[in-house]
There are 2 protein chains.
Amino acid sequence: MKIPPVKGTRDFYPQDMAVRNWIIDGWKKASIRNGFEEYDGPIFEYLDMYRIKSGDEIVEQLFSFTDRGGRDLAIRPEITPTLARMVNQQINSLPKPIKWFSVPRLCRAERPQKGRLREFFQWNIDIIGEDDVIADAEIIFTTLDYLQDVGLTPNDIVVKISSRKMLAAVLQAIGVAQNELEPLYAVLDKRSKVPDDAFVEMLVEKIADADKRKKILKLMSIESIEQIGDIAELGKNAKESIDELQRLFELLAVCGVAEFCRFDIGIVRGLAYYTGIVFEIYDKVGELRAIGGGGRYDNLLKQFGGPNISATGCGIGDCVLGILLEEKGLLKPGPKKLDYFIAFTDEQFFKTAVEITARLRRAGFAADFSYKFTNLGKQLSQASDRNAQKCIIIGEEFKAGQLVVKDMKTGKQELVEVDKFFANLKTGAK
Amino acid sequence: MKIPPVKGTRDFYPQDMAVRNWIIDGWKKASIRNGFEEYDGPIFEYLDMYRIKSGDEIVEQLFSFTDRGGRDLAIRPEITPTLARMVNQQINSLPKPIKWFSVPRLCRAERPQKGRLREFFQWNIDIIGEDDVIADAEIIFTTLDYLQDVGLTPNDIVVKISSRKMLAAVLQAIGVAQNELEPLYAVLDKRSKVPDDAFVEMLVEKIADADKRKKILKLMSIESIEQIGDIAELGKNAKESIDELQRLFELLAVCGVAEFCRFDIGIVRGLAYYTGIVFEIYDKVGELRAIGGGGRYDNLLKQFGGPNISATGCGIGDCVLGILLEEKGLLKPGPKKLDYFIAFTDEQFFKTAVEITARLRRAGFAADFSYKFTNLGKQLSQASDRNAQKCIIIGEEFKAGQLVVKDMKTGKQELVEVDKFFANLKTGAK
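Residues numbered from 1 in each chain as written. Chains lettered and ligands numbered in written order. Predicted model: local features only at pLDDT ≥ 70, side-chain atom pairs only at ≥ 80, totals over all residues.

**Student:** Whenever I open this one, the overall build of chain A confuses me. Can you help?
**Tutor:** Tallying secondary structure elements over chain A gives 14 helices and 17 strands in all. A principal-axis box enclosing the C-alpha atoms of chain A has dimensions of 95 × 55 × 45 Å. Residue burial in chain A is summarised as follows: out of 430 residues, 43% are buried. (Helix = DSSP H or I, 4+ residues; strand = E, 2+ residues; numbered from the N terminus. Buried ≥ 20, exposed ≤ 12 C-beta atoms within 10 Å, placed from the backbone.)

Here is the structure:
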């Protein structure tokens, strides 16, 4: 019986796994050198967890099920609710700020498209317990530390940054009511994703007043932070949020990543839960979906039954990133390789080959041999296929306690006493 | 709203995650140095995949669900069906033998108990396309390579080994019919897990003939391979399987792991699909469930619509292993640490601290600083809490282009020119 894989999932054959590991290892290393600690939660949680953050709509995008105990559960579509649950559980004992990262496997019951699969991996970094914009700067710098490490430059990618706090204050100064804000965010988030006509049409639905609409359109077309003041008379909140944005850009310049960063009033983020700085990372050509995005979400932990504590974070998935790196020729997983391949010139030396291989492995070296005796030429070509650095040849010399060690790069061969060989062996990188 | 984690799942806080990573990294390194390549599949597959290998009973142990497309899916309870599916898909292009490993997250809807959770990680190593018992020896050696690496000795653990092929041949020589074998395996597998009375009772249910039962009980009490011949007149199949067992023990001795390995007729493995060598790894005291187990399953790929190709493998979960390592004091994840903590003696040096930190991170070093200015003593104690190797102190000297570098172990302080400091910095282990 032949059964196919499920639509929208991936099989990771060794060459695919090498790419996945290379991406995820890079995320982990960048997180650690930026002072983040790794956490993880279960692959499934109570379904209600996802409703709290994202409302009822999210339920349609979940793989959900009921277990034999009657619990309504769902495979996680994101890890932020788990983060909020876990941090709340130990809120009093965790030193602040909390700098945590995770590289969860996530599943969403969406229609598979380019850069969007039903199962994917996502790098999440979050800082909890720091109000100041320095935490937002740290999040953006850390993502850029990774993205630079894999070879992306300001010619390849851009971080578009705005502020929900600023947007809310300016929209209110224009005359948009508090209760109109949330539905309006969803529309503004679409500005660069739909044609201008369609955008205006969506806007008319939410904002009846033509004068307000005109001001909103003018606001959405500004290109610098300085222009915000031209839109409306700014109150204290708006001014504070503008200062904050300016301070963020200053800190990003201090960190040496100014060239990657740009103010973009169009970055709104669809979700209701953002409260301050918001940002999205795009390829410069603009042909792909967002590589990642994030922002400040100061109310989430409280919504999950915890204290009123500020938080900011970011998520980067492996799908769009993988496509971009592939396009740029930057996907460079390390080659598979062996330290030693152990060849033998005659069946009688088979057990010796097994023994030498086992000793090398116990000493920490990657070593392998042929399970079947074939001629030396074939074994050497196996060694070369496996990218072995050295080949040990066990032959008649072994009866006199000697091995041939062949350097596979230079081709140079050396006759070595077995005992000396093992005595001189430095322990491999275990 | 406060929502708890789901029963039988684990939250991995940073200290738990460090343990999980330490275990899994050890599995990966042992696999690689033994010549295995990593693969992985999706977290869910078609429900039917699991029925093929394990029959309808498995369905009760699955977290299953129906997606919006009407597909019956299940979170994977094991990865072997995925392995069979993936290998079959590329059977013609994959060089043999195929030596693959994986460290999947698995879920089973079982009642949580000591060493058994509803979500866990399992190390899987498999060799496909090698009939000879050398492949079984490789599997057992690889698991022991890892288990020795974490510090377990023959005083701590034992690998109990038998052969399904031998058992089948001897049972048939006793007079057990072919169709009685499969239900009998399930009973024999329970021998060491239930009281003697209960075992005999279960046996009576399956084998009506008292003489046969007596012979089966005698067979199940033998302690060495040599005693098998005392049970019945052995045919060619039985003799071959005994030779194979003896050759396996010989190869394990050649590999230097004989002390860990023991013949044990009681190792049957419940599942129908084993066809040759079978083994289980136990703690020597015998108070825990099996740490892991495996064996030869030569018919599985064919059952999954592939060719008739031999296979052997092993699985080790993280739960029982974690308990054993904890009990033995062998759980030793590396300590968290920073290369540098950057302290500043006055608010005015905040941006300099941010800049120096960013430069160190970009050079590959793990570096962090305090988001808020506090006195130097507090910052130094933060540095020490974070296990920083060195602390950089930015103070008045910075105005003359100098930094203080404090070695946190020796306490020694040094005044260094900023430019020289960065020029002398070796690139960190990225």
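Don't stop here, the text continues.
**Student:** Help me out: how do you make sense of the sheet that holds strand S2 (residues 44-46) of chain A in this one?
**Tutor:** The strands making up a sheet are joined through hydrogen bonds of the backbone, oriented either antiparallel or parallel. Residue and element names in this part refer to chain A. Spatial strand order, S2-S4-S3: three strands in an open sheet with antiparallel pairing. Strands with a single pairing partner mark the edges of an open sheet, and in this sheet they are S2 and strand S3 (64-66). Strand-to-strand twist of the sheet, defined as the mean angle between neighbouring strand axes without regard to direction, takes the value 35°. Both S3 and strand S4 (residues 72-75) contribute to a ladder of three bridges, which runs antiparallel. The residue bridging Ser64 from the neighbouring strand is Ala74, located in S4. (Pairing = 2+ DSSP bridges. Axes fitted to C-alpha atoms, helices over the stretch in contact; angles between N-to-C directions.)

**Student:** Sorry, what's going on with the relation of the copies chain A and chain B here?
**Tutor:** The relation between the two copies of this chain is a rotation about an axis and a shift parallel to it. With an axial shift of 0.0 Å and an RMSD of 0.0 Å, the rotation relating chain A to chain B amounts to 180°. Both copies are brought into coincidence by an operation consistent with a two-fold rotation axis. Proximity to the rotation axis, assessed at the C-alpha, singles out A:Phe65 in chain A; its C-alpha lies 2.7 Å from the axis. Comparing interface residues between copies, 100% of those in chain A also sit at the interface in chain B, which points to an isologous, same-surface contact. (Least-squares fit on C-alpha atoms with pLDDT ≥ 70 in both. Contact = placed C-beta atoms within 7 Å.)

**Student:** Would you take a moment to explain the interface of chain A and chain B for this structure?
**Tutor:** Think of interface size as the accessible area that goes away when the parts come together; that is how it is often given. Chain A puts 74 residues into the contact, and the matching count from chain B is 74 residues. Partitioned by chemical class, the residues of the side of chain A that touches chain B number 37 nonpolar, 10 polar and 27 charged. (Nonpolar A, V, L, I, M, F, W, Y, C, P; charged D, E, K, R; others polar.)

**Student:** Quick question: what am I supposed to make of the packing of helix H6 (residues 164-174) of chain B against helix H10 (residues 236-254) of chain B here?
**Tutor:** Each pair of packed helices can be summarised by the angle the axes make with each other and by the distance between the axes. Residue and element names in this part refer to chain B. At their nearest, the axes of H6 and H10 sit 8 Å apart, and the two run at 150° to each other. Considering the angle they form, H6 stands roughly antiparallel to H10. Between H6 and H10 the crossing geometry is left-handed. Mapping the contact onto sequence places Lys165, Met166, Ala169, Val170 and Ala173 in H6 and Asn237, Ala238, Ser241, Ile242 and Leu245 in H10. Across the contact of H6 with H10, the residue classes break down as seven nonpolar, two polar and one charged. (Parallel < 35°, antiparallel > 145°, perpendicular 65-115°, else oblique. Left-handed = near helix turned anticlockwise from the far one by under 90°.)

**Student:** I tried to follow the environment of B:Glu138 on my own but got confused; where do I start?
**Tutor:** Along the chain, the position of B:Glu138 falls in helix H5 (residues 134-149). Separated by 110 residues in the primary sequence, B:Glu138 and B:Leu248 place their C-alpha atoms 9.8 Å from one another.

**Student:** Is there a simple way to explain the packing of helix H6 (residues 178-188) of chain A against helix H7 (residues 196-206) of chain A in this structure?
**Tutor:** Residues and elements named next belong to chain A. The contact between H6 and H7 brings their axes to 10 Å, and the two run at 170°. Between H6 and H7, the angle falls in the class roughly antiparallel. On the side of H6, the interface is formed by Glu180, Pro183, Leu184 and Val187, while H7 contributes Met202, Leu203 and Lys206. Taken together, the residues that form the contact of H6 with H7 break down as five nonpolar, no polar and two charged.

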